[in-house]
Amino acid sequence: MTHDHPAAPARGASRPFGRLLTAMVTPFTPDGSLDLDGAARLATYLVDEQGADALVVNGTTGESPTTTNEEKERLVRAVVEAVGDSARVLAGVGTNDTRHTIELATAAEKAGAHGLLVVTPYYNKPPQAGLLRHFTAVADATGLPVMVYDIPHRSGVPIETETLVRLAEHGRIVAVKDAKGDLTATSWVTSRTELAYYSGEDALTLPALAVGCVGLVGTSTHFTGALTRQLIEAYDDGDTATALALHRQLLPLYTGIFRTQGTILVKAGLAARGLPAGPVRSPLVDATDDEIDQLRADCAAAGLPLP
């Protein structure tokens, strides 16, 4: 299926980036260099085989803290060239420096990205007024639609409900990746705005749908994507029994992929399947034999055994 890629979806669009998004790992060669051919092949697999409507590149799962500005831009170009006619490509551009984030956003737009993922500035713990100014400045800087990423357990600061309601007034801030784990707060925002909410936690996909979310930005979806898409479609069709059965089936992998840092286990699983992945960059470390054995057990329990 070919999607159109408007610069900024109309307000109220229920799914500006589709139902299923995967936060893609960044393949590296054995010596740790960027593997652009591998990235193109992995992106094609995630769209064609795992049912992704959109891919997020240069997110935390993509090891963005350890890739250079130039590598980020080259990765966006490679993935857009590979799958841009059939899926949207969002570029992770968030940093804890507004000027740097705008620089990355501008570069991503020039590289052909269809949208931006902008995480809460981390470590420096800005007040809510600072968050409002940061996200607004980034959204003003390009013509691309923005997905705000609320993940307080990494950033140190939650985006409060009133701040999200204010952000929703901006014409290009259209979506939220919600990894707050607070479905009450999520409910308040989805009831008061037209923001498209995407679960940022794989295991909360089904309950998040029940309070107004429209899909998932996933990590385990490197492997669970096709079945997770079925889960979301079943819920949309009112077949909650099937959605619940799929949730329970996939739960061992939804949670198991995070037994250690998610990128580490995704890359181990991709390697086992003969797909592009390569090593992780320091300070991450590659999966141990015991961790790979446990991943195999989790995959088998989810009905998706590794070779």
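Labelled according to an unreviewed UniProt entry, the protein appears under the name 4-hydroxy-tetrahydrodipicolinate synthase, originating from Micromonospora yangpuensis. Looking at the protein in UniProt, the text filed under Subcellular location (unreviewed entry) is "Cytoplasm". A UniProt comment under Function (unreviewed entry) is attached to the protein, and it reads "Catalyzes the condensation of (S)-aspartate-beta-semialdehyde [(S)-ASA] and pyruvate to 4-hydroxy-tetrahydrodipicolinate (HTPA)."

I would appreciate a short explanation of unusual backbone geometry in the present structure.
Phi is mostly negative for residues that are not glycine, and the peptide bonds are mostly trans. Residue P283 follows S282 across a cis peptide bond; omega there is 20°. Checked against the element boundaries, P283 lands in the loop between α11 (262-272) and α12 (289-301). Positive phi outside glycine occurs at E63, with the angle close to 60°. Exposure remark for E63: the relative accessible area of 3% places this residue in the buried category.

Would you mind going over the sheet that holds strand β1 (residues 20-23) with me for this structure?
Neighbouring strands of a sheet are bound in pairs by backbone hydrogen bonds; such pairs are parallel or else antiparallel. Read around the closed barrel, eight strands run β1-β2-β3-β4-β5-β6-β7-β8, paired in parallel fashion. Direction aside, neighbouring strands of the sheet carry axes that sit 25° apart on average. Its contacts with the sheet place helix α4 (residues 128-141) against β4 (115-119), β5 (146-150) and β6 (173-178), and it is angled at close to 160° to β4.

So what exactly am I meant to see when it comes to the UniProt feature "binding site: pyruvate" (unreviewed entry) in the protein here?
UniProt's feature table lists "binding site: pyruvate" (unreviewed entry) at T61 and V217, given in the numbering used throughout. Maximum C-alpha separation among the annotated residues is 11.1 Å over a sequence range of 157 residues, consistent with a single clustered spot. Relative to the helices and strands, T61 resides in the loop between β2 (54-57) and α2 (69-83). Filtering out sequence-adjacent residues up to four positions away, T61 remains in contact with A23, M24, V25, T26, T219 and T263. Topologically, V217 is positioned in strand β8 (residues 215-218). Excluding residues that lie within four positions of it along the chain, V217 makes contacts with L21, A23, V56, M147, K177, Y198, S199, G200 and D202.

Cut-off values and rules
Residues numbered from 1 in each chain as written. Predicted model: local features only at pLDDT ≥ 70, side-chain atom pairs only at ≥ 80, totals over all residues. Heavy atoms only, no water. UniProt positions renumbered as here; feature names shortened; annotations may be inferred. Helix = DSSP H or I, 4+ residues; strand = E, 2+ residues; numbered from the N terminus. Buried < 20%, exposed > 50% of the residue type's maximum accessible area, 1.4 Å probe, protein only. Pairing = 2+ DSSP bridges. Axes fitted to C-alpha atoms, helices over the stretch in contact; angles between N-to-C directions. Contact = heavy atoms within 4.5 Å.

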